[in-house]
Amino acid sequence: MHTIVFFGDSITQQGNSGNGFIAQLRQQLSATDYQLIGAGIGGNKVYDLYLRLERDVLLHEPYTTVILIGINDIWHKEKGIGVDIVKYEQFYRAIIEKLLQHQSKVILCTLTVIGERTNQSNPMDADLEAYSQVVTTLASDYQITCVALRQIFTQYLQIHNTTNAYKGILTTDGVHLNTTGNTLVATALLPLLQQLSN
């Protein structure tokens, strides 16, 4: 039995029910081979994950931990309560190191979107690219898997968002995923998780 914990914010929390990506993966993976645990909490930033790592992840002794975090770290800068990119990387490194010490495999995900416009007019696109590059670098540094959700989402929107809409293609509100957005995440993760049982 492979226990997989999905660790993140409201995107992960919502992914655990309905047509969410974790719920979709549950339908596609054998229940006898996999136990999927959603550990997402709305509003969380990277340091929140660090603080609840023991309780919400390590206690489950996961075979694999999938991490998607950073949207609130950027988004909440508007309110003056975001997390700067240096602290983001420091906390993220600490999370990865602790997971690896506990023999959990780790899969990182780059960030998705804050606004779906395709003409570089979403005000936080530059931060999303920069923070996603941090995730990519961390994956390289620790030689762990990275899923390029940022690239997958932007490429999809280039093709399908023909009216340059702010929301409604992959998200309900520019951030939180609709069924199509969740399916993109599930489709990206499925082959990686299937490899675990090979």
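Residues numbered from 1 in each chain as written. Predicted model: local features only at pLDDT ≥ 70, side-chain atom pairs only at ≥ 80, totals over all residues. Heavy atoms only, no water.

Comments concerning the sheet that holds strand S3 (residues 64–68)
Turning to step 1, where the next piece is worked out: In space, the five strands of this open sheet follow the order S2-S1-S3-S4-S5, with parallel pairing throughout. In the strand order of this sheet, the two ends are held by strand S2 (34–40) and strand S5 (145–147), each with one partner. Averaged over all neighbouring strand pairs, the angle between strand axes comes to 20 degrees, with direction disregarded.
Turning to step 2, where the next piece is worked out: Taken together, the seven bridges between strand S1 (residues 2–8) and S2 define a ladder with parallel strand orientation. Following the sheet pairing, Thr3 is matched in S2 by Gln35.
Turning to step 3, where the next piece is worked out: Packing against the sheet, helix H2 (residues 21–28) makes contact with S1 and S2, and its axis sits at approximately 175 degrees to S2. (Pairing = 2+ DSSP bridges. Helix = DSSP H or I, 4+ residues; strand = E, 2+ residues; numbered from the N terminus. Axes fitted to C-alpha atoms, helices over the stretch in contact; angles between N-to-C directions. Contact = heavy atoms within 4.5 Å.)

Focus on empty space enclosed by the protein
Turning to step 1, where the next piece is worked out: Per the stated rule, a full pass over the model turns up one cavity of 30 Å³ or more.
Turning to step 2, where the next piece is worked out: For the largest cavity, the calculated volume is near 40 Å³.
Turning to step 3, where the next piece is worked out: Forming the walls of the largest cavity are Phe6, Phe7, Thr12, Phe21, Val66, Ile67, Leu68, Cys109, Val185 and Leu189.
Turning to step 4, where the next piece is worked out: Put simply, the parts of the chain that give the lining of the largest cavity at least two residues each are S1, S3 and helix H9 (179–194).
Turning to step 5, where the next piece is worked out: Examining the composition of the lining of the largest cavity, we find that three residues originate from one element, S3, more than from any other.
Turning to step 6, where the next piece is worked out: Taken together, the residues that form the lining of the largest cavity break down as nine nonpolar, one polar and no charged. (1 Å grid on protein atoms, 1.4 Å probe; cavity = no way out; pocket = protein on both sides within 12 Å on 5 of 7 lines; lining within 4 Å. Points joined across faces, edges and corners; volume = space filled by probe spheres on them. Nonpolar A, V, L, I, M, F, W, Y, C, P; charged D, E, K, R; others polar.)

Some thoughts on helix H8 (residues 149–160)
Turning to step 1, where the next piece is worked out: Between its first and last C-alpha, H8 extends 16 Å over 12 residues, near the 16 Å set by a 1.5 Å rise per residue.
Turning to step 2, where the next piece is worked out: Buried within H8 we find Leu149, Arg150, Phe153 and Leu157. Around the axis of H8, the buried residues are gathered within 100 degrees of arc, so they sit on the same side. Looking at H8, the residues exposed on the side facing more than 90 degrees away from the buried face are Gln158 and Ile159.
Turning to step 3, where the next piece is worked out: Packed against the buried residues of H8 are S3, strand S4 (105–109), helix H7 (125–142), S5 and H9. (Expected span 1.5 Å × (residues − 1). Buried < 20%, exposed > 50% of the residue type's maximum accessible area, 1.4 Å probe, protein only. Arc of directions from axis to C-beta.)

What about the nonpolar core?
Turning to step 1, where the next piece is worked out: Core analysis: the biggest nonpolar cluster contains 61 residues, and Phe6, Leu25, Ile67, Tyr88, Tyr92, Leu108 and Leu189 have the highest contact counts within it.
Turning to step 2, where the next piece is worked out: When neighbours within four sequence positions are excluded, Tyr88 is seen to be in contact with Val46, Ile69, Gly70, Asp73, Val83, Leu111, Tyr131, Val134 and Val135. (Core = buried A, V, L, I, M, F, W, Y, C linked by side-chain atoms within 4.5 Å.)

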